Amino acid sequence: VIHRLPMPNLKDELHSSGWSAGCTCFDNITTKRNKLILPCLISSRIYVVDVGSQCRAPKLCKMIEPVDVFWNCNKGYLSVVHSLPNGDILIANMGDPAGNGKGGFIVLDGETFELKGNWENECEAPPTGYDFWYQPRHNVLISSAGLVPKRAGRGFNPDDLKKGVFGRRLNVWNLSCRTLTQCFDLGEDSLPLSVKFLHNPDAAEGYVSCALSGIVYRFYKCEANNWAVEEVIRIPAKDVTGWIMPKMPAFTVDLIISTDDKYLYLSNWLHGDIRQYELSKTCKPRLVGQVFVGGSILRGGPVTVCRDEELKCQPEPLVIKCKRVYGGPSKLQLSLDGKRLYVTNSFYSTWDKQFYPTVVK
């Protein structure tokens, strides 16, 4: 640890982060990744951190209060952030100020970091939202569904299933017009979370992982400006005892793709494994690597696996430098050379306390 930057407020839940400039701005030689944008999942506050002045000692340089987000955008529960090709910053949201489900995006000025308002038209807002990514050369942005914040904030409750708490839609947007052009229903309580395009700027395809169904879909441009989806990966649920339900789903929190577009990585937060798939020309990812870094099905724990379509026995706990690793793999980051994979073990504070009470963040 070379530096610590304390946040000035409690109960923010810094869930995701993004740069003030992305790879789509790299044709502009004046663009630099010198600011880190930190939206808050619970408080709806936005922090801007200066990492350019002193890269080894970042400092807080701007803060947008929740009341500004509420009044100007009627949005809240901010999740994923990416910079746009024009230099502005786009932040996805999960709900309205009261915690009801409401998708869409808010926009920050890329230079002043002032709040500019909503990105989409009011009538275009989906029922829920979470993650997104875009491909400028195909004029498209694709977003996932997420959860209803005020219900998800209480923890996972099986009674919430089939009640519209967990999203089911994949949304296709016209990037320049900011309009919703297509919606795909991926199944009740499928909970599509992580969305990624291939890195090739000409590629018109990507993947979305559905946390509760354990399915990964490939989305692709099929004709003109129309898009389609197909199932390419299915991780089966495990029959268990000693858990909240008789079946434990493959809760895939994050999905990333290597910069050479050769591999896809999935974090399976409940089962505890990180999976590596080879992306072949047949568009059918092939599982080539798997490692357990915690999870709920480890040997010697409270959960007993009664039936498993993939494993012959429950995996052993992970111990590093005489310390056991608790929690499950959540957010992922891959080094540019593809040789190192970084992982966090926290998904959402209330869910962490429910499933991994001994987790150390």
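Bear in mind that the values here come from a model prediction, so they are computed numbers and not experimental data.

(A) Main features of the overall build of the protein. Counting its secondary structure elements, the protein contains three helices and 27 strands. At 20 Å, the protein has a C-alpha radius of gyration in line with the 21 Å of a compact globule built from 361 residues. Within the span of the protein, comprising 361 residues, buried residues form 53% of the whole. Taking contacts inside the protein between residues at least 6 apart in sequence as the whole, the part at least 24 apart equals 49%. Total accessible area on the protein stands at roughly 17,000 Å², and carbon and sulfur atoms take up 52% of it. One finds the centroid of the 43 positive side-chain charges in the protein at a distance of 5 Å from the centroid of its 37 negative side-chain charges.

(B) Summary view of unusual backbone geometry. A positive phi angle, near 55 degrees, is found at Asp-189, a position not held by glycine. The topology assignment puts Asp-189 in the loop between strand S12 (179-185) and strand S13 (192-197). For Asp-189, a relative accessible area of 10% gives the class buried. Of note, Lys-321 is a non-glycine position whose phi angle comes to about 55 degrees, a positive value. Along the chain, Lys-321 turns up in the loop between strand S24 (319-320) and strand S25 (323-324).

(C) Molecular detail of the sheet that holds strand S17 (residues 238-241). The strand order across the open sheet formed by three strands is S18-S17-S23, and the pairing between neighbours is antiparallel. Edge positions in the open sheet fall to strand S18 (247-248) and strand S23 (304-307), since each of these has one partner strand only. Where S17 and S23 come together, three bridges link them in antiparallel fashion. Looking at the pairing, Asp-239 lines up with Arg-307 of S23.

(D) Representation of the pairing of strand S20 (residues 263-268). Taken across its six residues, S20 has five buried, putting it largely inside the fold. Where strand S19 (residues 252-257) lies against S20, five bridges are found, and the strand directions are antiparallel. Its bridge partner lying in S20, Leu-255 is registered against Leu-266. With five bridges connecting them, S20 and strand S21 (residues 273-278) associate as antiparallel partners.

About the thresholds
Residues numbered from 1 in each chain as written. Predicted model: local features only at pLDDT ≥ 70, side-chain atom pairs only at ≥ 80, totals over all residues. Heavy atoms only, no water. Helix = DSSP H or I, 4+ residues; strand = E, 2+ residues; numbered from the N terminus. Rg over C-alpha atoms; globule rule 2.2 N^0.38 Å. Buried < 20%, exposed > 50% of the residue type's maximum accessible area, 1.4 Å probe, protein only. Contact = heavy atoms within 4.5 Å. Areas by Shrake-Rupley, 256 points an atom, 1.4 Å probe, with all protein chains shown as cover. Lys, Arg positive; Asp, Glu negative; His and termini not counted. Charge placed at Lys NZ, Arg CZ, Asp CG, Glu CD. Pairing = 2+ DSSP bridges.

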